[in-house]
Amino acid sequence: MKELKHFLKFSDLNQDELKYLFNLTRDIKQKYKAFEPCTTLQDRTLVMIFEKNSTRTRLSFELGMSQLGGSSVYLNTKDSQLGRGEPVADSARVISRMCDLVMIRTFEQEMIQTFAQHSTVPVINGLTDQHHPCQVIADIFTFIEKNGSIKGSTVAWVGDSNNMCNSWIEASEILDFHLHISSPPGYKPKDLSHFKHVKFFTDPEAAVHHADLVTTDVWASMGFEEETKLRRHAFQGWQVNSSLMAQASKDALFMHCLPAHRGEEVSADVIDGPQSVVWDEAENRLHVQKALMEFLLLGVVVS
Ligand code: CP
Ligand code: NVA
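Residues numbered from 1 in each chain as written. Chains lettered and ligands numbered in written order. Predicted model: local features only at pLDDT ≥ 70, side-chain atom pairs only at ≥ 80, totals over all residues. Heavy atoms only, no water.

Peer 1: Looking at this structure, I do not really get helix 3 (residues 88-98). What am I missing?
Peer 2: Three or four residues apart is the spacing at which side chains of an α-helix point the same way, because the helix has 3.6 residues per turn. The complete set of buried residues in helix 3 reads Ala89, Ser91, Ala92, Ile95 and Ser96. One face of helix 3 carries all of its buried residues, which in axial projection span an arc of 155°. Facing away from the buried side of helix 3 by over 90 degrees, the exposed positions are Arg97 and Met98. Each element contacted by the buried residues of helix 3 is listed here: strand 1 (45-50), strand 2 (71-76), strand 3 (101-105) and helix 4 (109-118). (Buried < 20%, exposed > 50% of the residue type's maximum accessible area, 1.4 Å probe, protein only. Helix = DSSP H or I, 4+ residues; strand = E, 2+ residues; numbered from the N terminus. Arc of directions from axis to C-beta. Contact = heavy atoms within 4.5 Å.)

Peer 1: Quick question: what am I supposed to make of the pattern of salt bridges here?
Peer 2: Between side chains of opposite charge, pairing is possible as soon as their charged atoms come close. Counted according to the given criterion, the structure contains 15 salt bridges. For glutamate 173, the salt bridge is made with lysine 196, and the minimal N-O distance between the two is 3.8 Å. Of this pair, glutamate 173 sits in helix 6 (residues 163-175) while lysine 196 is found in the loop between strand 6 (178-182) and strand 7 (198-200), placing the two residues 23 residues apart along the sequence. Of the residues examined, lysine 196 reaches a relative accessible area of 68% and is grouped as exposed. (Salt bridge = Lys/Arg side-chain N within 4 Å of Asp/Glu carboxyl O.)

Peer 1: Is there a simple way to think about the packing of aromatic side chains in this case?
Peer 2: Pairs of aromatic rings are described using the distance from one ring centre to the other and the angle between the two planes. Counted by the stated rule, this structure contains 5 aromatic pairs. On the basis of an interplanar angle of 50° and a centroid distance of 6.0 Å, the ring pair of tyrosine 20 and phenylalanine 295 is categorised as tilted. With a gap of 275 residues between them, tyrosine 20 in helix 1 (residues 15-33) and phenylalanine 295 in helix 11 (residues 278-298) connect regions that are remote in the sequence. Taking the relative accessible area as the measure of exposure, tyrosine 20 reaches 24% and is therefore partly exposed. Overall, the relative accessible area of 4% leaves phenylalanine 295 in the buried class. With centroids separated by 5.7 Å and ring planes inclined at 25°, the aromatic side chains of tryptophan 219 and phenylalanine 235 adopt a geometry described as stacked. Of this pair, tryptophan 219 sits in the loop between strand 8 (213-216) and helix 8 (228-234) while phenylalanine 235 sits in the loop between helix 8 and helix 9 (242-245), and the two are 16 residues apart along the sequence. Under the relative-accessibility criterion, phenylalanine 235 is labelled buried at 0%. (Phe/Tyr/Trp six-rings, centres within 6.5 Å; stacked < 30°, edge-to-face > 60°.)

Structural data, given as structure tokens:
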């Protein structure tokens, strides 16, 4: 029987597995665009648990599973027993007896760790306060589609050291690219000493200098809404706008996981401009999620 594998953070996949996943994503995407059938997960089922809002993550998993021949069930805290205090471990034992895969979007990483510990099927992190690994796989796939490879490239992260930033940090170590981070005082990543590919800059212009990709995210993530006003003040100077983009390499791409706030973390001319690949990035969530589900369920021979 295939070994049980969870995807709770980016570093749960090694370089070979990621390379396999990128190739599989490319094949799945090509087939989908060509109207060729690709129903590798026929009769398989996915349960999605959402404790936070979502558009892209829900669509990409739900439609992805259906396109692969399987089906999915959406649960949220409001109308499942999870919201009435049923222990996470018991929920995991029950839910995993009835399906083949579980995707969870929640607050604390500990919740999905506990769930995975008691689950008999693979568990996927669809975003926690600490990590958003599915999005970063899609972002890197998009970068590779445009540039061939990410190895040795420079990615500039400008803004909050949030879940997205943490997944980028892990990705840089595994896929060998340079990550330049600039965040306002008080919003820096905690300890970067173990990460040899990551450099912190107090000045966002210095972080972006010669970068091949500039990326950012909202100033106040889900769960931090009450800090919105405070953060709006603290993050002034960390907006990705055309003068910041001008510091990057001439062909640099701009990415944002979305949803975005034009006029806050990014100016409208950048997100809607020629260097922005945010719509490709969003679409690629679908293709990447399909490849990830297939990989976790069917496994792979890594060459
Ligand atoms: N980027 C992303 O995860 O979007 P959703 O919150 O819409 O799922
Ligand atoms: N950092 C954002 C990402 C949303 C997809 C959040 O957690 O709200």
